[in-house]
Structures are given as C-alpha cells and as structure tokens.
Amino acid sequence: MAQIEKRGGLLRKSSASKKPLKEKVVLMYDEIFMTEDPSKCSPRFWEELFLMKVNLEYLEGKLESLDSEELMKIKDNVNCLFQHCIQALGEEHPIRVVNALQTLCALIRGVHQKNKSTSGFDIINMLMGFDKAELCMKNLMESLDSLLCAEGSESLKSLCLKLLLCLVTVTDNISQNTILEYVMINSIFEAILQILSHPPSRREHGYDAVVLLALLVNYRKYEGMGLVIAQALSEYNRQYKDKEEEHQSGFFSALTNMVGSMFIADAHEKISVQTNEAILLALYEAVHLNRNFITVLAQSHPEMGLVTTPVSPSPTTPVTPLGTTPPSSDVISSVELPLDADVQTSNLLITFLKYSSIVMQDTKDEHRLHSGKLCLIILTCIAEDQYANAFLHDDNMNFRVNLHRMPMRHRKKAADKNLPCRPLVCAVLDLMVEFIVTHMMKEFPMDLYIRCIQVVHKLLCYQKKCRVRLHYTWRELWSALINLLKFLMSNETILLAKHNIFTLTLMIVNLFNMFITYGDTFLPTPSSYDELYYEIIRMHQSFDNLYSMVLRLSTNAGQWKEAASKVTHALVNIRAIINHFNPKIESYAAVNHISQLSEEQVLEVVRANYDTLTLKLQDGLDQYERYSEQHKEAAFFKELVRSISTNVRRNLAFHTLSQEVLLKEFSTIS
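Figured I'd write up the structure that's included with this text. Because the structure is predicted, anything quoted here is derived from the model rather than measured. (Residues numbered from 1 in each chain as written. Predicted model: local features only at pLDDT ≥ 70, side-chain atom pairs only at ≥ 80, totals over all residues. Heavy atoms only, no water.)

**Things to note about the overall build of the protein chain**
The secondary structure content of the protein chain amounts to 34 helices and two strands. Residues classed as buried in the protein chain amount to 56% of the 670 residues present. Taking as baseline every contact in the protein chain between residues at least 6 positions apart, the subset at least 24 positions apart corresponds to 78%. Working note: accessible area of the protein chain is about 30900 Å², and carbon and sulfur atoms make up 51% of it. (Helix = DSSP H or I, 4+ residues; strand = E, 2+ residues; numbered from the N terminus. Buried < 20%, exposed > 50% of the residue type's maximum accessible area, 1.4 Å probe, protein only. Contact = heavy atoms within 4.5 Å. Areas by Shrake-Rupley, 256 points an atom, 1.4 Å probe, with all protein chains shown as cover.)

Here's what the structure looks like:
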C-alpha cells in the first residue's frame, strides 16, 4: 500500500512505479549543493529562493550528511547563500526576510554539526569566507539591529533573537566562538536593551533577550569583554533614569521584572533546570558585575501569585520548545499592574528567595546542585554589599516571605496565613537555617554548606559593624548549627574519606564565638544573650564530644592534625563557658534539692555568675574574605556557561513559526 512520504521534501505518494516528486525549494537546495553557481542558468535563482517556504530539516540534514571534503567543494555556493540571506534581510517583503532568517539559522546549525570540535574559525570560513567575514557580519548585525528596533513584526524579532542565540552557541565553549568577535564589534546591545525596557516586547521576547545577555557577558569575561558589557548596561541605566517617571522602567527594572517572572513561572510550571540556570546566570552577572543592580532588588511590585489567577502548566508540545519560549505572558504582565493597597507587595529579592527555597530542597541532581550553588553565590554577593544590607536590615521595610519548606516527618507543615512581617534579612536567615536542617545526608553537599555558613557570617558582620539589633529567633539558628556539628561527628569516618570537615566545623564554632564575643552589640535584648549561654550549656555534651574528637586528631600525626588543632583553639571560650557554669548549676540544684532545673532557673544561675567568667579575646571573628569569581569560581562558571550554551542550542526551534502563521501576519506581498 502506498504511503505518504514526509521526509526530504517529498510531495507525492510513493509507489513502485513512480519516483516521488520533490518540493521546488528542495530542488533549489540540491542545486546549491552542486559545485556550479546555481544563478548561472537561472539569473533569478536567489530572488526566487527566498519566496519559497524554508525546509529547515532538509537543509540542515544535507549539510550534516556531507563529509569535510565534499563540504569544501561547495564552499563558494554556501558563502554565496549566506551573503544573499544577509541581502534579503534588507528587503521590504517580510516573507523574504523571514525565509532569509530561517535559512541563516539552518546554515549555522548545519555547519556547526560538521565542525563541533573546531574553535569557530572553520565555521566562519565555511559560512562566509575569511576575506568577507568582517563585512558580512557588519551587514548582518546592522540588519538584525534594524529589525529588532523597528515597530514591525514580533515574529521577525523572535527569529532575530533566535538567530543571535544560534550564533552565540555555535561552539560549546563560548570563549572559543570566534564569530562573537564580530558580534562584539558590531554591538547589538542597544537593541536587546530596548526590548527589555519596553513591556510589550519584554512579554514576547524577554526570555530569549535575558539568556542572550547572560551568554554574551560570559564571552572572554576575564579579558575585559564582560566588563565592557556591564559598563554599557550601567550607562544605559543612568541615561534612562533621567527620563523615568513615577513607575520605573529602566533596563534594570525590566530585567528585574523579567527575571522575577521567570522564577514565579518556574514555581508553577516546573520548567527544566537548565533553563533556570540561564536566568540565574543573568541575575548573577547583573548583581556581581554591576552593584547598581542591588538598588533594584528592592523595587516593589504586586505579589505576582496574588494578583493573577493561577497559571496552569503549559503542555509540552513542539510549538513551544523548552528553553526558547518565555513563561506565560499572564505571569510576566502581572508585574506591570499598579500597586493596590490591599495587595501584598513583593520585589525581585523576595521572588529570588522563594525560588531559592524550591531549588535548594533537592541537590542530588547535578543541575539542581549547580542551581543551588548559584543561588548561594548570588546571596553571598548580596550579603557583602553595604546598600543591600541596609535594605535587608531596614526595620521600616517589612515583608511576608513564604519560603518553601521540605516535608519532614518530625515537623508539622507551617501555616502560610500567619507569617509575620519582618525585615528581609530574617527571610535570608530562615532560608539558611532551612538548608542547614534539611541536607544532613551521606552525599553531603560540603561546598553548599560552607557557602551557607559564609552568608550567615557576613550578615552577622554587618550587624556587628552597624550595631543592628535584629529581632530574630536566633535559637533556631543555634539549634541548627549544633545539630549540624552532631551530624559531622556521628559521620566522621564516612565524611573524612571525602571532605575536610574541619573547615566547616571551624566556621560553625566561630559563628558561636561571634555571638559570644560581640553578641551584646547586635542581639536584640540582654535575655537573648542569656539564651545563647543557655543553649551552649544545655548542649554541652555535643561541644565536649567535639573537643574530644578534634583533640584526638590534633595529637595524632595524621593529615588532619593542623586542621583539627585550629578547631581545638577555637573552642576555648565555649569550653570556658561550660566549665564555668556547669559546676554552679549543679551546686544550685544540690542546694535547692532540685533534680532537674527549669530553663528559668538555669538562666538565673547564668545571670548571677557572669561577673566571674573569664573569656579570651579572639581576633578576626568579624573579618572575611570577599567573594572573587576569577580565581576560585572560574572553572564552575566556565562549565555552567558551556552547559547553558549546549542546552540553548539543543532547544532552539526555528520551525515554531509555521508558514500559515507567517502568511496570516504578512497577508500581502506588494
């Protein structure tokens, strides 16, 4: 029985007696893949080609099927096709422009598949030839800039951005992509920023624009290129700020709305983690490279989840491939609604904290581990920033932040309705406490724990420096830290086989030392300081066990001798407190014939015996090493960008704009 052929541009039912017909565009492609110039016999060849519906599958497949030698034989024709595509971008007829854009995408992808191991030089030569590359790319970038800035078709803008993403991700290692030299020379940033600063455009194209910016910033960032981009963004924002009205709409505002919307959409739609990494990377680069962005973290907008109706998850269909289509425009548009007195306000920082609480729940998957690490790096940058800290700790700026908590057998689910309004630093601390409590497992995420403790330490340093007395339930933090110490001790053998647990142990002990030495300057009340001592005394067995463990390892001539001895020295004040108060508590119990003292009775003994307690002053407790990406995190970001680039390239789909849709949009060709 005859079957309909769907591949390779075949049009007719196949049968034993007749060869199937090919689409005219496929026949024209075949002519290009000959060594002769196709326009010799047909002068109107190139003019007609761009009126034909593009067959992306056939064109890409044909390029991939050729070996290197065969490809070099038709190099002149491929160069000619590339140049004519660029010329067609300047045509008045939109159908020609769309077909030229799709053809360029297919060419770039097809040639990339043949040159996966190359640095980009062979791809440039194959596509346009070295001698014409500079002029070709200049003309291409100018055409894309015009199309993106014009008032015209959103479909054209979408294809332009996808073509740019295709160019950016042509190699796995973005810094080896030589094509990007031409993209940088012929700047496209103004056009991208214009899209992000214009709400309707942002709704349509914001996702691709943000991912594109995040990738471009990472091109040879350690050679200064990334800084140029960051400065360009900063300058644009300054210029725009002069013109902004009551409701801000500068670039950073736009990116705030865009990134915030991505996080909210992710919570509802469970978009793939690779997609999240691209958005997180965009936020990280903005926070890290340009600290002016910190001020926009605080910019209020309506709570997205409360303003809009719940967005049902979108079905995964070929029409909306993952990683190329932004989340629901309903979600994104919600950030532009005017503020209502009855609506809970939010900001990017709150959205980010909520998102982090979801991502950081499960770190067993590699992508989620990377996302969790990136969230903590962003929080580290925020915790070091003076202006961000001032906002976080502002007692006049209170918010309800409903963090997502991992279900655990031994605790009840917290009621969302009775959340208190508090300064945002409380939510950051809650997030850190939640992470500490929920990730004590055999596959111990040591790196994430160290970053988590560092965030807490940096916040405490700010509070000590500025004498901020934060009304926070510090006991939850102290309890979490002590439980973490107990976990490290009970799993000493397993963990020491993989990690230096003493780095983390020392950081935890020094957090307690920070509270002991400087707590009177930042704890909210004298009774809070008393409660700190009560917790140390109550859990004295854990600290005694820790001292025994580090003493044992520091007196042996093993690999942990030096690391363990640092913890031994750091425990001096904690042990002094335990050794000073325990005998007095026992004596009080004996004199009063009480077998078990209440908390209030223990606190009474503590308050009565502060005067006779001697503590040693420990240096450097309020000092920390500032975050530096270039030396310590370069390998992580290189691999992350490679992963994002590969994922973006894999998920780019240019056929999502069906010819029917385009014909409706461009109904007449005059």
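**Structural notes on the packing of helix H8 (residues 130-149) against helix H9 (residues 154-168)**
One can describe the packing of H8 onto H9 by two numbers: an axis separation of 9 Å at closest approach and a directional angle of 145°. Here H8 runs over H9; the crossing is left-handed. On H9, the residues that touch Met137, Leu140, Met141, Leu144, Leu147 and Leu148 of H8 are Leu156, Lys157, Cys160, Leu161, Leu163, Leu164 and Leu167. Its residues assigned to classes, the contact of H8 with H9 shows 12 nonpolar, no polar and one charged. (Axes fitted to C-alpha atoms, helices over the stretch in contact; angles between N-to-C directions. Left-handed = near helix turned anticlockwise from the far one by under 90°. Nonpolar A, V, L, I, M, F, W, Y, C, P; charged D, E, K, R; others polar.)

**Description of the side chain of Asn125**
Examined against the element boundaries, Asn125 turns out to sit in helix H7 (residues 121-127). Its relative accessible area of 19% is what places Asn125 among the buried residues. When residues no more than four places from it in sequence are discounted, the contact partners of Asn125 are Lys75, Asn79 and Phe130.

**Digging into the pattern of salt bridges**
Applying the stated criterion to the full structure yields 24 salt bridges. A salt bridge links Asp430 to Arg422; the shortest N-O distance between them is 2.4 Å. Judged by its relative accessible area of 22%, Arg422 falls in the partly exposed class. Two residues, Asp622 and Lys464, come together in a salt bridge whose shortest N-O distance is 2.6 Å. Within this pair, whereas Asp622 is found in the loop between helix H31 (599-608) and helix H32 (629-632), its partner Lys464 is found in helix H23 (residues 446-466), the two being separated by 158 residues in sequence. (Salt bridge = Lys/Arg side-chain N within 4 Å of Asp/Glu carboxyl O.)

**Here we look at the packing of helix H27 (residues 526-538) against helix H30 (residues 572-591)**
The geometry of H27 relative to H30 is characterised by a closest axis approach of 9 Å and an angle of 85° between their N-to-C directions. One finds that H27 runs roughly perpendicular with respect to H30. Taking contact as the criterion, the partners of Tyr533, Ile536 and Ile537 in H27 are, on H30, Ile574, Ile577, Ile578, Phe581, Asn582 and Ile585. Across the contact of H27 with H30, the residue classes tally to eight nonpolar, one polar and no charged. (Parallel < 35°, antiparallel > 145°, perpendicular 65-115°, else oblique.)

**Topic: the environment of Met126**
For Met126, the position within the fold is in helix H7. Since its relative accessible area comes to 4%, Met126 is described here as buried. Residues Met126 and Met72, spaced 54 residues apart in sequence, show a C-alpha to C-alpha distance of 7.5 Å. If we ignore the near neighbours within four places in the chain, the residues touching Met126 are Leu71, Met72, Lys75, Val78, Asn79 and Val111.

**Side note on the state of the cysteines**
Within the structure shown, the criterion is met by zero disulfides. There is no disulfide at Cys166, and the cysteine sulfur nearest it, in Cys105, is 5.2 Å away. (Disulfide = S-S within 2.5 Å.)

**Digging into unusual backbone geometry**
Positioned with a positive phi, Arg467 is a non-glycine residue whose angle comes to about 50°. Position of Arg467 relative to the elements: it lies in the loop between H23 and helix H24 (474-490). Its relative accessible area of 57% is what places Arg467 among the exposed residues. With phi around 55°, His593 is a residue other than glycine that occupies positive phi space. Within the secondary structure, His593 is located in the loop between H30 and H31.

**What about the packing of aromatic side chains?**
This model, assessed by the stated rule, comprises 20 aromatic pairs. For the ring pair Tyr284 and Phe637, a centre distance of 4.5 Å and an interplane angle of 20° mean the geometry is stacked. Here the residue Tyr284 occupies a position in helix H15 (residues 273-289), and Phe637 occupies one in helix H33 (residues 634-651), the gap between them amounting to 353 residues. In terms of burial, Tyr284 and Phe637 fall into one category: buried. One aromatic cluster in this structure is built from Tyr472, Trp474, Trp478, Phe515 and Phe522. Over the face of the ring belonging to Phe33 we find Lys62, whose NZ or CZ atom lies 6.0 Å from the ring centre. Positioned over the ring face of Tyr547 is Arg575, at 3.7 Å from the centre of the ring. (Phe/Tyr/Trp six-rings, centres within 6.5 Å; stacked < 30°, edge-to-face > 60°. Lys NZ or Arg CZ within 6 Å of the ring centre and 35° of its normal.)

**Thoughts on helix H22 (residues 424-438)**
An ideal rise of 1.5 Å per residue puts 21 Å on 15 residues; H22 measures up with 21 Å between its terminal C-alpha atoms. Most of H22 is tucked away, with 13 of its 15 residues classed as buried. (Expected span 1.5 Å × (residues − 1).)

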